[in-house]
Amino acid sequence: MKKQVKQCLDKAEESRVNMLEKIVKKAEEIRDRVIKFRREIHRNPELGGSEEKTSAFVAGILEDNDIEVKRGVAGYGVVGLLKGSGEADTVALRADLDALPIQDYKKVEYASSVPGIMHACGHDVHSAVLMGTAIVLGSLRERLKGNVKFIFQPSEERPTGGADYMIKAGVLEDPAPSAIFALHTFPEMQVGTIGHKAGIMTASADRFRIVIKGKSGHASRPHQTVDAVLVSSMVISAIHHIVTRRTDPIHPAVISVGTIEGGSAPNVIAEVVEMRGTVRTLSPKTKKIMPALIEKVIKGTTLTMGATYEFLYESGSPSVVNDWALNQLAKRCAVDVVSAQNVFELPDPIMGAEDFAYYSEKIPGMFIRLGTSNREKGIMTPLHSSYFDVDEDALAVGIKVMSWIAVNYLCSKAGEKL
Ligand code: NI
């Protein structure tokens, strides 16, 4: 009996190794093609909501590889569906298509050809990796234990985000994925490494606009006026005390006022000042109380100074929360691909935001980090930099890891060994 079980396990392990070998082989075979995909997108960046060419390019590649494609989802979103065998589960893999309003200063042949717009957050890499993953998994479709949905969403960088609209457009239905995975370029880590973490991964991101209304007049007679500039400075200063004195210190938060505009001349007391800012939190409870706390400060300060105000608070992306079991699975898969010494558990969440959170709010999700820097080659620029670039060896790593995750997830859901 024992011997039989052992044989069965050996066979399953043999089959598992064989499947991983196939993925690695195919990913290596398409390595140069995928680098070309990435460069094509990098050269032709499009801002959120305008990803027309990028979207058509991605859809074309998926169709060429016999993957069922839906175009025009929530604007320029593209959804590919690879059908596996039988009454199967579905896993979703997600990438984002949009670039940023940043000038590309890199001197490389694939630098952005569009003035003032570039892929400075690696979404070109995410899209190329997902296209490559679709090709790899497409080549193994007979052995897939379920369906894989490839989600290419628009507008990740825009405040309203594309993910929410993709969900409203039905991307998590028909067939409904039971889990979703995504990766993000991570220049803090060397190429060939993977970062993972269970639980909270990113902050939530809300935005606000404050208008302080005073009473203008001559700068030499302030007593006859209500100085909107002075009141604004008091409001800004008071807002910064919310995080130190009103929110629980074990739940980090950031309030930043990013813009301030007002006044017309040095000798005129300003009538109106407008400020805009962002709020980042890691706990849903802190996120919930922020609008009221900020408004209280504005209300009290303007009342004291005889000014009035307008306050607009927009709730944005929640935190990305990685599922515990999916984190374990992703970690195991990453170890299989890049070996244990290249897989790192990320110690802390970041205060940046990511609209992947909308998916992981609906279904279990897992967001991993793909190491993209290379100290020896001098590729170390941070995300959103005018010189941002990646070591393109990261593309094959991403494809292998994402493909292997999808295979293992479906296999675990099918409740059987390969
Ligand atoms: Ni990004």
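Calculation criteria
The residue numbering used here restarts from 1 in each chain and proceeds along that chain's sequence as written. Restriction of local features to residues with pLDDT of at least 70 applies here, the model being predicted, together with a cutoff of 80 or more for giving and counting side-chain atom pairs; totals for whole chains, interfaces and linings are based on all residues. Hydrogens and water are ignored here; the side-chain numbers use all heavy atoms of the structure. Axes here refer to lines fitted to C-alpha atoms; in helices the fit is confined to the stretch in contact. Angles between the N-to-C directions go from 0 to 180 degrees. By the criteria applied, helices consist of DSSP H or I runs no shorter than four residues and strands consist of E runs no shorter than two, each listed in order from the N terminus. Our angle categories are set so that under 35 degrees counts as roughly parallel, over 145 as roughly antiparallel, 65 to 115 as roughly perpendicular, and the remainder as oblique. Put simply, a crossing is left-handed when the front helix is turned counterclockwise from the back one by less than a right angle, and right-handed when it is turned clockwise. Residues are treated as being in contact if the distance between any of their heavy atoms lies within 4.5 Å. Under the grouping applied here, Gly and all other residues not named as nonpolar or charged are polar, the nonpolar ones being Ala, Val, Leu, Ile, Met, Phe, Trp, Tyr, Cys and Pro and the charged ones Asp, Glu, Lys and Arg. Any residue under 20% of the maximum accessible area for its type is buried, any over 50% is exposed, and the rest in between are partly exposed; the area is computed with a 1.4 Å probe on protein chains only. Those domain boundaries reflect an automatic or database domain assignment. Buried area, as used here, totals the accessible surface that two parts lose on assembly, with accessibility defined by a 1.4 Å probe and the loss added over both. Whenever a carboxyl oxygen of Asp or Glu lies within 4 Å of a side-chain nitrogen of Lys or Arg, that contact is scored as a salt bridge. Between any two strands, pairing holds if DSSP finds at least two bridges.

S.K.: I'd like a rundown of the packing of helix α2 (residues 31-43) against helix α3 (residues 52-64), residues and numbers included.
M.R.: Orientation of α2 relative to α3, taken along the N-to-C sense of each, is 165°, at an axis distance of 10 Å. Relative to α3, α2 is oriented roughly antiparallel. Here α2 runs over α3; the crossing is right-handed. For the pair formed by α2 and α3, the contact residues are Phe37, Glu40 and Ile41 on the first element and Thr54, Phe57 and Ile61 on the second. Partitioning the contact of α2 with α3 into residue classes produces 4 nonpolar, 1 polar and 1 charged.

S.K.: Run through the side chain of Ser232, naming residues and quoting values.
M.R.: Residue position: Ser232 is located in helix α6 (residues 228-245). Since its relative accessible area comes to 0%, Ser232 is described here as buried.

S.K.: Before we move on, can you summarise the domain arrangement of the protein with the specific residues and values?
M.R.: Interface extent is often summarised as the accessible area lost during association of the parts. Domain assignment breaks the protein into domain 1 (2-202 + 319-413) and domain 2 (204-314). One C-alpha centre belongs to domain 1, the other to domain 2, and the line joining them spans 40 Å. The partner domain 2 presents 9 residues to the 9 residues of domain 1 that form the contact. Roughly 690 Å² is buried in total at the junction of domain 1 and domain 2, and carbon and sulfur atoms are behind 68% of that figure. It is Pro159, Ser319 and Met351 in domain 1 that bury the most area against domain 2; as a group they hold 63% of the surface buried on that side. Remark: the boundary between domain 1 and domain 2 carries 0 salt bridges.

S.K.: Go over the sheet that holds strand β13 (residues 308-314) with me, naming the residues and quoting the values.
M.R.: Within a sheet, neighbouring strands are paired by backbone hydrogen bonds and run either parallel or antiparallel to one another. Spatially, β10-β12-β8-β13 is the arrangement adopted by the 4 strands of the open sheet, whose pairing is antiparallel. Each having just a single partner strand, β10 (253-262) and β13 make up the two edges of the open sheet. In this sheet, neighbouring strand axes are inclined to one another by 15° on average, regardless of whether the strands run parallel or antiparallel. Here strand β8 (residues 204-213) runs beside strand β12 (residues 272-281); their pairing, made up of 10 bridges, is antiparallel. Note that in β12 the partner of Lys213 across the bridge is Val272. Here helix α7 (residues 284-305) sits on the sheet and contacts β8, β10, β12 and β13; the angle it forms with β13, its principal contact strand, is near 170°.

S.K.: Lay out the pairing of strand β16 (residues 365-373) with the relevant residues and their values.
M.R.: The buried count for β16 comes to 9 of 9 residues, which makes it a mostly enclosed element. Relative to β16, strand β5 (residues 179-190) runs parallel, the two sharing 8 bridges. Among the inter-strand pairings, Thr185 is bridged to a residue of β16, identified as Leu370. Bridge analysis of strand β6 (residues 194-196) against β16 gives 2 bridges, and the strand direction is antiparallel. Residue pairing for β16: Gly195 is matched across the bridge by Arg369.

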